[in-house]
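Geometric and topological summary
Chain residues, written in single-letter form:
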Amino acid sequence: LGIGDVIVVSEPISGNVIVSPADSGVTILGTPGGRISGNLTINGAQGVLVQRLRVDGSVAVNNATEITFETSILNSVNLLGGNQLRLLDSHVNALAIQSAANEVVIQGASVGQLNIGSSTALSISRSEISEFVLQAATSGEIFDNQITHLSINAAVVGSIHDNRIGGGNVGLHY
C-alpha cells in the first residue's frame, strides 16, 4: 500500500490492523457497517487519513507524521510522539497525548477523557471535552470548547480562552 491507495472498510474486521512506514499515504475509509473490532496501530507512517471509521479497540499512533482522523468513532487513542496529528469532527472515549507530540489539532471533536502528557503547538477548538487533564508543560491554544472539568497540573505557554468550563462538581483545578 502507498500514496493514494484507499482501503474501504465495508464490513467488520475482527483482527488488529497495523499501518507501517511502507503504507504511508494510504486512506482508510469506513462505510456504514464497516469497523475495526480489534486495535489499529500506526507505526512511523506518514500522510495517513482515517475517515468515517469506527474502531472498537484501541488506536496507537507511534512517531508518525501527518495522521488525520476525520468523522470517526474511536474507543481510545494513544499518541506517542509524532508531528501534525489531527482529530477532526470525531468522537473519542479516551485520548492520551504523550512523548512530545507536536502540532496536534483537535477540532470539532467529542472527547470523554483527554490527558495531555507532552505536546507543543497544540490547538484544541470547537470541541466538547468531559475530563481534560494537562499533566506536563504544553504550548499552544485551547479555545471555544465546552469542558466539564479542566485540571491544569503544569505550565501552559499560549492561551486558554473563550471556553465554557463547568457542569461537574469542580470546573477548573489549577
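Residues numbered from 1 in each chain as written. Predicted model: local features only at pLDDT ≥ 70, side-chain atom pairs only at ≥ 80, totals over all residues. Heavy atoms only, no water.

Things to note about the overall build of the protein
Check the secondary structure of the protein and you find zero helices and 19 strands. Its C-alpha atoms give the protein a radius of gyration of 16 Å, within 12% of the compact-globule value 16 Å for 174 residues. Within the protein, the fraction of its 174 residues that count as buried is 41%. In the protein, once contacts between residues fewer than 6 apart in sequence are set aside, the share between residues at least 24 apart is 6%. (Helix = DSSP H or I, 4+ residues; strand = E, 2+ residues; numbered from the N terminus. Rg over C-alpha atoms; globule rule 2.2 N^0.38 Å. Buried < 20%, exposed > 50% of the residue type's maximum accessible area, 1.4 Å probe, protein only. Contact = heavy atoms within 4.5 Å.)

With respect to the pairing of strand 7 (residues 46-51)
Regular strands have side chains that alternate between both faces of the sheet. Here strand 4 (residues 27-30) pairs with strand 7 via three bridges, running parallel. Residue Ile28 lies in a different strand from strand 7, and its bridge partner there is Val50. Where strand 7 meets strand 8 (residues 54-70), five bridges bridge the pair, whose relative direction is parallel. Bridge pairing links Val48 to Ile67 in strand 8. (Pairing = 2+ DSSP bridges.)

A look at the pattern of salt bridges
If you walk through the whole model with that rule in mind, you get three salt bridges. Linking Asp144 and Arg164 is a salt bridge whose minimum nitrogen-to-oxygen distance equals 3.4 Å. With Asp144 in the loop between strand 15 (138-143) and strand 16 (146-152) and Arg164 in strand 18 (residues 164-165), this pair connects stretches of sequence that are 20 residues apart. Residue classification places Asp144 among the partly exposed positions, given a relative accessible area of 30%. Three or more residues are tied together by salt bridges with common partners; here these are Arg35, Arg54 and Asp56. (Salt bridge = Lys/Arg side-chain N within 4 Å of Asp/Glu carboxyl O.)

Here we look at the environment of Ala100
Within the fold, Ala100 resides in the loop between strand 10 (91-98) and strand 11 (101-107). Overall, the relative accessible area of 41% leaves Ala100 in the partly exposed class. Expressed as a C-alpha distance, the spacing of Ala100 and Thr120, which sit 20 residues apart in the sequence, is 7.0 Å. Among all residues touching Ala100, those that are not within four sequence positions of it are Gly81, Gly82 and Ser118.

Notes on a nonpolar patch on the surface
Residues Ile165, Leu172 and Tyr174 make up a contiguous nonpolar surface patch of roughly 360 Å² in combined accessible area. With respect to the helices and strands, the residue Ile165 is situated in strand 18. (Patch = residues over 30% accessible without salt bridge, like charges linked within 9 Å, V, L, I, M, F, W, Y side chains within 5 Å. Areas by Shrake-Rupley, 256 points an atom, 1.4 Å probe, with all protein chains shown as cover.)

A few points about the nonpolar core
Within the largest apolar cluster, 41 residues are counted, with the highest numbers of intra-cluster contacts made by Ile42, Phe69, Leu95, Ile97, Leu114 and Phe132. Here this core gets six residues from one element, more than from any other, and that element is strand 8. (Core = buried A, V, L, I, M, F, W, Y, C linked by side-chain atoms within 4.5 Å.)

Notes on the pairing of strand 13 (residues 119-125)
As judged from the five bridges shared by strand 11 and strand 13, these two strands associate in the parallel manner. Residue pairing across strands places Val105 opposite Ser123, the latter belonging to strand 13. Relative to strand 15, strand 13 runs parallel, the two being bridged by five bridges. Looking at strand 15, one finds that Ser119 is bridged to Thr138.

Remarks on unusual backbone geometry
One non-glycine residue, Thr71, adopts positive backbone phi at about 45°. Along the polypeptide, Thr71 turns up in the loop between strand 8 and strand 9 (73-88). A positive phi angle, close to 55°, is found at Asp144, a residue other than glycine.

Some words on the side chain of His149
Relative to the helices and strands, His149 resides in strand 16. One polar contact links His149 to Glu131, side chain to side chain, over a distance of 2.9 Å. Those residues in contact with His149, other than ones at most four positions away along the chain, are Ser130, Glu131, Phe132, Val170, Gly171 and His173. (Polar contact = N/O pair within 3.5 Å; in protein donor to acceptor, adjacent residues only side chain to side chain.)

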